Amino acid sequence: MVGESAAKSRFDRKAEQILTGATQVFLQRGYERASMDKVAKASGVSKQTLYSHFADKEALFVALVDRMSRRRLEDSFGSQSLKGDPKQVLSALARATLTQLSADEDYHDFVRLVIAESKRFPELVEKFMLTVTRPSLMRLSDFLADSPELGFEDPEATAHVLLGAVVFFMLTQEIMPGKAVLPMDADRLADALVALL
């Protein structure tokens, strides 16, 4: 039993090593120009090891989307307690999320990549929505529903509005080169969102 556990741990560490290398390759080259040879080289593993973990480039890309999506969800909500005074909680959550999104260039590249490949791999967008968007929306919606003092008749729709503002900010300020055309400070947006509540 101990031997099996140690072998699984080594397997998981090697898979993580491969995904780290694959992240660099896919973000730099895009899906089409990425190759398993380049991923093996960037990961510091043999092609045999690479294929023992991931059957092909598509399977590797799907695993990468899953990994990046889960990491973003954890970064956004993992350290944020959704308990306490609603306005303070929402203000802290908005500021932390907007600050993290602004600073995470790998995530910007990742979103560009998912958008670019969404027609070829619609299941990736679905996975992204299920892994990041839906859990974020549900946690926020549940928090708003549990905060009757805010007086929202439809907490789920309100959660859509709040997350929509954050996504729009990321798209216009970070994903597209919109800072010069539509400049907006993250703290200013966070203040406005909380004031709307």
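Residues numbered from 1 in each chain as written. Predicted model: local features only at pLDDT ≥ 70, side-chain atom pairs only at ≥ 80, totals over all residues. Heavy atoms only, no water.

Asks: Outline the overall build of the protein chain, listing residues and values.
Replies: The number of helices and strands found in the protein chain is nine helices and zero strands. In the protein chain, the order of α-helices and β-strands from amino to carboxyl end is α-α-α-α-α-α-α-α-α. Dimensions of the protein chain, computed from C-alpha atoms along their principal axes, come out at roughly 60 × 50 × 25 Å. Buried residues in the protein chain amount to 42% of all 197 residues. A separation of at least 24 residues holds for 65% of the contacts in the protein chain among residues at least 6 apart in sequence. Summing over all exposed atoms, the protein chain offers an accessible surface of approximately 11200 Å²; the carbon and sulfur share of this is 56%. Of the side chains in the protein chain, 25 bear a positive and 28 a negative charge, and the two mean positions are spaced by 8 Å. (Helix = DSSP H or I, 4+ residues; strand = E, 2+ residues; numbered from the N terminus. Buried < 20%, exposed > 50% of the residue type's maximum accessible area, 1.4 Å probe, protein only. Contact = heavy atoms within 4.5 Å. Areas by Shrake-Rupley, 256 points an atom, 1.4 Å probe, with all protein chains shown as cover. Lys, Arg positive; Asp, Glu negative; His and termini not counted. Charge placed at Lys NZ, Arg CZ, Asp CG, Glu CD.)

Asks: Which residues make up the nonpolar core, and what are the values?
Replies: It is characteristic of soluble globular proteins that their nonpolar side chains tend to be buried jointly. Phe 26, Leu 50, Leu 60, Phe 61, Tyr 107, Phe 110 and Leu 144 are the most contacted members of the largest nonpolar core, which has 52 residues in total. Secondary structure elements with two or more residues in this core: helix H1 (2–33), helix H2 (36–43), helix H4 (57–77), helix H5 (86–103), helix H6 (105–116), helix H7 (122–145), helix H8 (155–175) and helix H9 (186–196). At eight residues, the largest contribution of residues to this core is made by H1. Residues in contact with Tyr 107, not counting those within four places in the same chain, are Arg 72, Leu 101, Phe 128, Val 132 and Met 170. (Core = buried A, V, L, I, M, F, W, Y, C linked by side-chain atoms within 4.5 Å.)

Asks: Kindly report on the packing of H5 against H9, identifying the contributing residues and their values.
Replies: Look at H5 against H9: their axes get within 9 Å of each other, and the N-to-C directions meet at 150°. Taken together, the axes of H5 and H9 lie roughly antiparallel to each other. Along this stretch, H5 crosses H9, giving a crossing that reads as right-handed. Together, Lys 87, Leu 90, Ser 91, Ala 94, Arg 95 and Leu 98 of H5 and Ala 186, Asp 187, Leu 189, Ala 190, Asp 191 and Val 194 of H9 make up the contact between the two elements. The class makeup of the residues in the contact of H5 with H9 is seven nonpolar, one polar and four charged. (Axes fitted to C-alpha atoms, helices over the stretch in contact; angles between N-to-C directions. Parallel < 35°, antiparallel > 145°, perpendicular 65-115°, else oblique. Left-handed = near helix turned anticlockwise from the far one by under 90°. Nonpolar A, V, L, I, M, F, W, Y, C, P; charged D, E, K, R; others polar.)

Asks: For the environment of Ser 118, give the residues involved together with the corresponding values.
Replies: Within the fold, Ser 118 resides in the loop between H6 and H7. Among the polar contacts listed, one links the side chain of Ser 118 to the backbone oxygen of Ile 115, at a separation of 2.8 Å. (Polar contact = N/O pair within 3.5 Å; in protein donor to acceptor, adjacent residues only side chain to side chain.)

Asks: Report on the side chain of Ser 141, specifying residues and quantitative values.
Replies: Its location among the elements puts Ser 141 in helix H7. You can call Ser 141 buried: its relative accessible area is 9%. Those residues in contact with Ser 141, other than ones at most four positions away along the chain, are Pro 155, Glu 156 and Ala 159.

Asks: So what's going on with the layout of surface pockets? Residues and values would help.
Replies: Taken as a whole, the largest pocket encloses approximately 710 Å³ of empty space. Along the wall of the largest pocket there are 32 residues; nearest its centre are Thr 133, Ser 136, Leu 163, Val 166 and Val 167. For the lining of the largest pocket, the secondary structure elements donating two or more residues are H4, H5, H6, H7, H8 and H9. Per-element accounting of the lining of the largest pocket gives the leading share, nine residues, to H7. When its residues are assigned to classes, the lining of the largest pocket shows 24 nonpolar, six polar and two charged. Counted as a void, the second largest pocket has a volume near 230 Å³. Contributing to the lining of the second largest pocket are 14 residues, with Thr 23, Leu 27, Met 68, Arg 71 and Asp 106 lying nearest its centre. (1 Å grid on protein atoms, 1.4 Å probe; cavity = no way out; pocket = protein on both sides within 12 Å on 5 of 7 lines; lining within 4 Å. Points joined across faces, edges and corners; volume = space filled by probe spheres on them.)

Asks: Any chance you could break down H2 for me, citing the residues and the numbers?
Replies: All of the buried residues in H2 are Met 36, Val 39, Ala 40 and Ser 43. Burial along H2 is one-sided: seen end-on, the buried residues are contained in an arc of 100°. In the stretch just after H2, Gly 44 is the one whose phi turns positive, near 70°. (Arc of directions from axis to C-beta.)

Asks: Please set out the environment of Arg 67 residue by residue, giving values where relevant.
Replies: Note on placement: Arg 67 falls in helix H4. Counting along the chain gives 53 residues from Arg 67 to Arg 120, while the straight-line C-alpha distance between them is 19 Å. In this view, Arg 67 contacts Glu 16, Leu 19, Thr 20 and Thr 23; residues no more than four positions away in its chain are not counted. Side chain to side chain, Arg 67 and Thr 23 meet in a polar contact 3.2 Å long.

Asks: Break down the confidence of the model for the protein chain for me, with residues and values.
Replies: Predicted confidence across the protein chain gives a mean pLDDT of 86, with 93% of residues reaching 70 or more. When pLDDT is averaged over each helix and strand of the protein chain, the minimum, 81, is found for H4 and the maximum, 96, for H2. (pLDDT = per-residue confidence, 0-100.)

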